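Here's the letter readout for the chains.
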Amino acid sequence: MTSTRGTARIAGACFLITHVTSVAALVLYAPVLNQPGYVIGGGADTRVLVGGWLEVVLTLAIVGTAVALYPVTRRHNQGLAIGYVGLRTLEAAVIAIGIVSLLAVVTLRQQAGADAAALVGVGKALVAVHNWTFLLGPNFVCAADTLVLAWLMWRSRLIPRFIAGLGLVGGPLLFVSATAILFGAFQQVSLPGAVAPLPVFAWELGLAFFLILKGFRTTAPDRPETLLLTQAAAAA
């Protein structure tokens, strides 16, 4: 029980870290993301570097959520548990590509004597790479891994079903939103683009706080497996 309680707290803490670091990094990245001439300007390199460091922590925390949950989730569905680890690792890897692209912009800005027009073009291309990774990792892949874990939690009843339900709704909604953005229905930075991730945001925060404060549920009276065990014990 103590081991499981500690596992729940670690997983919950990792979820909270992902939210804090992702939001903070996005704020710190503002100059390089919003200023086309950043690469030839004065630059706010330290700010961007700190943002990159925070996203490194983010990627580790993303993988940490899956690794911490795996010893518990595999007891209920090993296939889904492994799938969740794989998807979270993929999400972290895609984000890491975006980190490298923005750090490369900082490197280009620090080069002296290079052609300004060429630097601006390359800088824009690197920012575009980051923007696409932001759509692919924290949207498409996150939607998929949310659905996998939420379904596992719904079936196992390790957490309250109303929390798991947020993930079951939020995952598909985020995937549909990302698809609409991909095909130009609306921009990622828009009202629909901001509303669509809210159920996933609520799912992850609800999951994080429940795991930290309560831990995993140890009973699931209406699960078929539990019912069979109860009937077998009564018959004995």
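Right above here is the structure, for reference.
Owing to the predicted nature of the structure, the values given are computational and were not obtained by experimental measurement.

Q: Help me understand a nonpolar patch on the surface, please; the structure alone is not making it clear to me.
A: A contiguous nonpolar surface patch, about 400 Å² in accessible area, is contributed by Leu191, Val195, Leu198 and Phe201. At the level of secondary structure, the elements contributing two or more residues to the nonpolar patch comprise α7 (191-195) and α8 (198-213). Tracing the backbone through its elements, the reader meets leucine 198 in helix α8. A relative accessible area of 48% means that leucine 198 is categorised as partly exposed.

Q: Would you mind going over unusual backbone geometry with me for this structure?
A: Most peptide bonds take the trans form, and the phi angle of most residues other than glycine is negative. Although it is not a glycine, arginine 157 adopts a positive phi angle of roughly 60 degrees. Structurally, arginine 157 can be placed in the loop between α5 (116-156) and α6 (161-182).

Q: Quick question: what am I supposed to make of the environment of leucine 147 here?
A: Looking at where leucine 147 falls in the secondary structure, it is placed in helix α5. On the accessibility criterion, leucine 147 (37% relative accessible area) is partly exposed. In this structure, the C-alpha to C-alpha distance between leucine 147 and glycine 170, residues 23 residues apart in sequence, is 7.8 Å. Apart from the residues lying within four places of it in its own chain, the contact partners of leucine 147 are Leu168 and Pro172.

Q: Sorry if this is basic, but what is going on with the nonpolar core here?
A: As a rule of thumb, soluble globular proteins bury nonpolar side chains together. The biggest cluster of nonpolar side chains holds 26 residues, and the ones touching the most others in it are Leu69, Met153, Ile159 and Trp203. In this structure, Val39, Leu58, Ile95 and Leu119 belong to the second largest nonpolar core, which totals 19 residues.

Q: Explain the layout of surface pockets here, please?
A: Space inside the largest pocket adds up to approximately 1300 Å³. Broken down by secondary-structure element, the contributors of at least two residues to the lining of the largest pocket are α1 (2-28), α2 (30-34), α3 (45-73), α4 (78-109), α5, α6, α7 and α8. Tallying contributions element by element places α5 first for the lining of the largest pocket, with 9 residues. Across the lining of the largest pocket, the residue classes break down as 23 nonpolar, 14 polar and 4 charged.

Q: Which parts of the structure should I look at to understand the pattern of salt bridges?
A: A side chain of one charge can pair with a side chain of the opposite charge when the charged atoms of the two come close. Counting across every chain of the model gives 4 salt bridges. A salt bridge links arginine 109 to aspartate 45; the shortest N-O distance between them is 2.5 Å. Here arginine 109, found in helix α4, pairs with aspartate 45, found in helix α3; they are 64 residues apart in sequence, far enough to count as distant. Here the two residues arginine 109 and aspartate 45 agree in accessibility, since each one is buried. Look at the salt bridges and you will find they share partners, linking Arg88, Glu91, Asp145 and Glu204 into a network.

Q: So what exactly am I meant to see when it comes to the packing of α5 against α6 here?
A: Packed helices, taken two at a time, are described by their axes: the angle between them and the distance between them. The N-to-C vectors of α5 and α6 enclose an angle of 150 degrees; their axes lie 8 Å apart at closest approach. Overall, the two elements α5 and α6 adopt an arrangement that is roughly antiparallel. The way α5 lies across α6 gives a crossing that is left-handed. When the residues that make up the contact of α5 with α6 are grouped by side-chain class, the tally is 19 nonpolar, 6 polar and 1 charged.

Q: It is not clear to me how α6 should be interpreted in this structure. Could you clarify?
A: The α-helix winds at 3.6 residues per turn, so residues separated by three or four positions along the chain end up facing the same way. Between its terminal C-alpha atoms α6 stretches 32 Å, which fits the 32 Å expected from 22 residues at 1.5 Å a residue. Where α6 is concerned, the buried positions are Ile163, Ala164, Gly165, Gly167, Gly170, Gly171, Leu174, Ser177, Ala178, Ala180 and Ile181. As for α6, its buried residues are in contact with α5, α7 and α8. Glycine 184 sits one or two residues past α6 and shows a positive phi near 80 degrees.

Q: Help me understand the side chain of glutamate 91 in this model?
A: With respect to the helices and strands, glutamate 91 occurs in helix α4. With a relative accessible area of 5%, glutamate 91 lands in the buried category. What glutamate 91 contacts, discounting residues up to four positions off in sequence, is Ile62, Gly137, Pro138, Val141, Cys142 and Asp145.

What counts, and at which threshold
Residues numbered from 1 in each chain as written. Predicted model: local features only at pLDDT ≥ 70, side-chain atom pairs only at ≥ 80, totals over all residues. Heavy atoms only, no water. Patch = residues over 30% accessible without salt bridge, like charges linked within 9 Å, V, L, I, M, F, W, Y side chains within 5 Å. Areas by Shrake-Rupley, 256 points an atom, 1.4 Å probe, with all protein chains shown as cover. Salt bridge = Lys/Arg side-chain N within 4 Å of Asp/Glu carboxyl O. Helix = DSSP H or I, 4+ residues; strand = E, 2+ residues; numbered from the N terminus. Buried < 20%, exposed > 50% of the residue type's maximum accessible area, 1.4 Å probe, protein only. Contact = heavy atoms within 4.5 Å. Core = buried A, V, L, I, M, F, W, Y, C linked by side-chain atoms within 4.5 Å. 1 Å grid on protein atoms, 1.4 Å probe; cavity = no way out; pocket = protein on both sides within 12 Å on 5 of 7 lines; lining within 4 Å. Points joined across faces, edges and corners; volume = space filled by probe spheres on them. Nonpolar A, V, L, I, M, F, W, Y, C, P; charged D, E, K, R; others polar. Axes fitted to C-alpha atoms, helices over the stretch in contact; angles between N-to-C directions. Parallel < 35°, antiparallel > 145°, perpendicular 65-115°, else oblique. Left-handed = near helix turned anticlockwise from the far one by under 90°. Expected span 1.5 Å × (residues − 1).

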